[in-house]
Amino acid sequence: MKALEDWTSASQPALSESILKFERSLGSKVFYRTRLGVKLTPFGRDALEKARSTLSNYSDLTQTDSARGSGSQPIRMGCHPVVGSYVFPKALSILSKEVQNCRFRIFHGSSATMQEMVQNGSVDVALVVNPRKVPDLIISEIAKDHVYVWKRGKNECPDRIICNLNLFQTQTILRKWKNSPRDIVESDNLELVTRLTEAGLGYGIIPERAVKLLKARLKKEDELPSYTDAVCIIYRPEFGKLDFENRLIQAIKKAF
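Residue indices follow the written sequence of each chain, beginning from 1 at its first position. Restriction of local features to residues with pLDDT of at least 70 applies here, the model being predicted, together with a cutoff of 80 or more for giving and counting side-chain atom pairs; totals for whole chains, interfaces and linings are based on all residues. Excluding hydrogens and water, the side-chain values take into account all heavy atoms of the structure.

Enquirer: What am I meant to see in the overall build of the chain here?
Expert: Within the chain, the regular secondary structure consists of nine helices and eleven strands. Contacts between residues were defined by any pair of non-hydrogen atoms, one from each residue, lying within 4.5 Å. Within the chain, counting contacts between residues at least 6 apart in sequence, those at least 24 apart form 67% of the total. Accessible surface is estimated by sampling points in the Shrake-Rupley manner with a 1.4 Å probe; for residues, cover comes only from the protein chains shown. As displayed, the chain offers around 15,100 Å² of accessible surface, 51% of which is attributable to carbon and sulfur atoms. Starting at the N terminus, helices and strands are each numbered in turn, a helix being any DSSP run of H or I of at least four residues and a strand any DSSP run of E of at least two.

Written as structure tokens, this is what we have:
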């Protein structure tokens, strides 16, 4: 290909030699001479179209990388809805002061689902509570949260528990809670668990940050078991290389 770069400034003998070298490298004739001048052979026309396609694809690739988040390709972020609600408003406010024309797409789900989506490449970066340690991810703890047992009034002793039984945190608290109520109302919606608890319908097992976010009037039961969560930002090693991506990571950390 270097021979092609020199054609416009080369002398006739040098140009002819460069063409010959180029054709030898491809293993076929690219040009032939006619009375009207030099023309592309059928092989030459095919090679030209493939070269143009390759250059176009390379251009699209480099533009995608450099424009991610501020061009046609949005940053794909993942989070549990409650975690995202107390982090992303502040994080994106910080970022918007530094970068213009930001584009994001936010995916919601459990922490386990968000981690799986980062691992399979369908999400670029996610906020995950208590992620599994895996070698192909960057996992950075950025905050702690505490899961407590809550109730509405100071002197109330509800006879049921409102919680998400599928959570490891809930199971750990229940194993340690002696003589806990037998009646249980299950929900995987933290806001609903909080509102039912606030209505006095039972003890709620809820993260402290969720209670504060929803401004729920609840009393924490300090004498009952609790659980400490690690809130982490996770992403694949190739993410964060661009300045915009790194600014996003730093903005999320500052939001805490």
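Enquirer: Can you help me understand the packing of aromatic side chains in this one?
Expert: The description of an aromatic ring pair rests on the distance of the ring centres and on the angle between the ring planes. Stacked, edge-to-face and tilted are the three classes for Phe, Tyr and Trp ring pairs, Trp counted by its six-membered ring, which pair at centre distances within 6.5 Å; planes under 30 degrees apart are stacked, over 60 edge-to-face, the rest tilted. Across all of its chains, the model carries six aromatic pairs by this definition. Ring geometry for Tyr86 against Phe256: centres 6.2 Å apart, planes inclined by 85°, an arrangement best described as edge-to-face. One end of the pair, Tyr86, is in helix H4 (residues 81-96); the other, Phe256, is in the segment after helix H9 (243-254), and 170 residues separate them in sequence. On the basis of relative accessibility, which here comes to 17%, the residue Tyr86 falls in the buried class. Using a 1.4 Å probe on the protein chains alone, a residue whose accessible area is under 20% of its type maximum counts as buried, one over 50% counts as exposed, and one in between counts as partly exposed. Assessed through its relative accessible area of 28%, Phe256 is described here as partly exposed. As a reminder, the over-ring test applies to NZ of lysine and CZ of arginine, requiring each to be within 6 Å of the ring centre and within 35 degrees of the ring normal. Across the ring face of Tyr148, the terminal group of Lys220 is positioned such that the distance to the ring centre comes to 4.4 Å.

Enquirer: What is the right way to look at the packing of H4 against H9 in this model?
Expert: Helix-helix packing is characterised by the crossing angle of the two axes and by the distance between the axes. To get an axis, fit a line to the C-alpha atoms, keeping to the stretch in contact for a helix; angles then go from 0 to 180 degrees between the N-to-C directions. H9 packs onto H4 with a crossing angle of 130° between their chain directions and a minimal axis gap of 8 Å. Considered as vectors, H4 and H9 are oriented oblique to each other. Judged by the sense of rotation from one axis to the other, the crossing of H4 with H9 is right-handed. Contacts from Val87, Phe88, Lys90, Ala91, Leu92, Ile94 and Leu95 of H4 reach H9 at Phe244, Arg247, Leu248, Ala251, Ile252 and Lys254. Residues are grouped as follows: nonpolar covers Ala, Val, Leu, Ile, Met, Phe, Trp, Tyr, Cys and Pro; charged covers Asp, Glu, Lys and Arg; every other residue, Gly included, is treated as polar. Residues that form the contact of H4 with H9 fall into these classes: ten nonpolar, no polar and three charged. The labels follow the angle: roughly parallel below 35 degrees, roughly antiparallel above 145, roughly perpendicular from 65 to 115, and oblique for the rest. If you view the pair so one helix is near and one far, a crossing is left-handed when the near helix is turned anticlockwise from the far one by less than a right angle, and right-handed when it is turned clockwise.

Enquirer: Is there a simple way to think about the nonpolar core in this case?
Expert: In a soluble, globular protein the nonpolar side chains are often hidden away together inside. Side-chain atoms within 4.5 Å link the members of a nonpolar core, which is a set of buried Ala, Val, Leu, Ile, Met, Phe, Trp, Tyr and Cys residues. Ranked by size, the top nonpolar core spans 37 residues in total, and within it Val87, Val125, Leu127, Ile206, Ile233, Leu248 and Ile252 carry the most contacts. Among the secondary structure elements, those contributing two or more residues to this core are strand S3 (75-79), H4, strand S5 (125-129), strand S6 (138-151), helix H7 (190-198), helix H8 (208-213), strand S11 (227-235) and H9. Looking at this core element by element, the count peaks at eight residues for H4. Beyond its immediate stretch of four places on either side in the chain, Val87 contacts Leu127, Ile252, Ala255 and Phe256. Ranked by size, the runner-up nonpolar core spans twelve residues in total, among them Met117, Val118, Leu137 and Cys232.

Enquirer: Sorry if this is basic, but what is going on with the pattern of salt bridges here?
Expert: It is possible for side chains bearing opposite charge to pair when their charged atoms get close. The term salt bridge refers to a side-chain nitrogen of Lys or Arg lying within 4 Å of a carboxyl oxygen of Asp or Glu. With the rule as written, the count across this model stands at 13 salt bridges. Note that Arg195 and Glu198 form a salt bridge whose closest N and O atoms lie 3.0 Å from each other. In this pair, Arg195 and Glu198 both sit in helix H7, three residues apart, roughly one turn of the helix. A single salt-bridge network, built from bridges that share partners, covers Glu98, Asp243 and Arg247.

Enquirer: Where do I start with the pairing of S6 in this structure?
Expert: Side-chain positions along a regular strand alternate between the two faces of the sheet. A strand pair is defined by DSSP finding two or more bridges across the two strands. As defined by bridge partners, S6 adjoins S11 across nine bridges and the pair is classed as antiparallel. Following the sheet pairing, Asp145 is matched in S11 by Asp229. Where S6 lies against strand S9 (residues 203-207), four bridges are found, and the strand directions are antiparallel. Opposite Val147, over in S9, you have Pro207 as the bridge partner.

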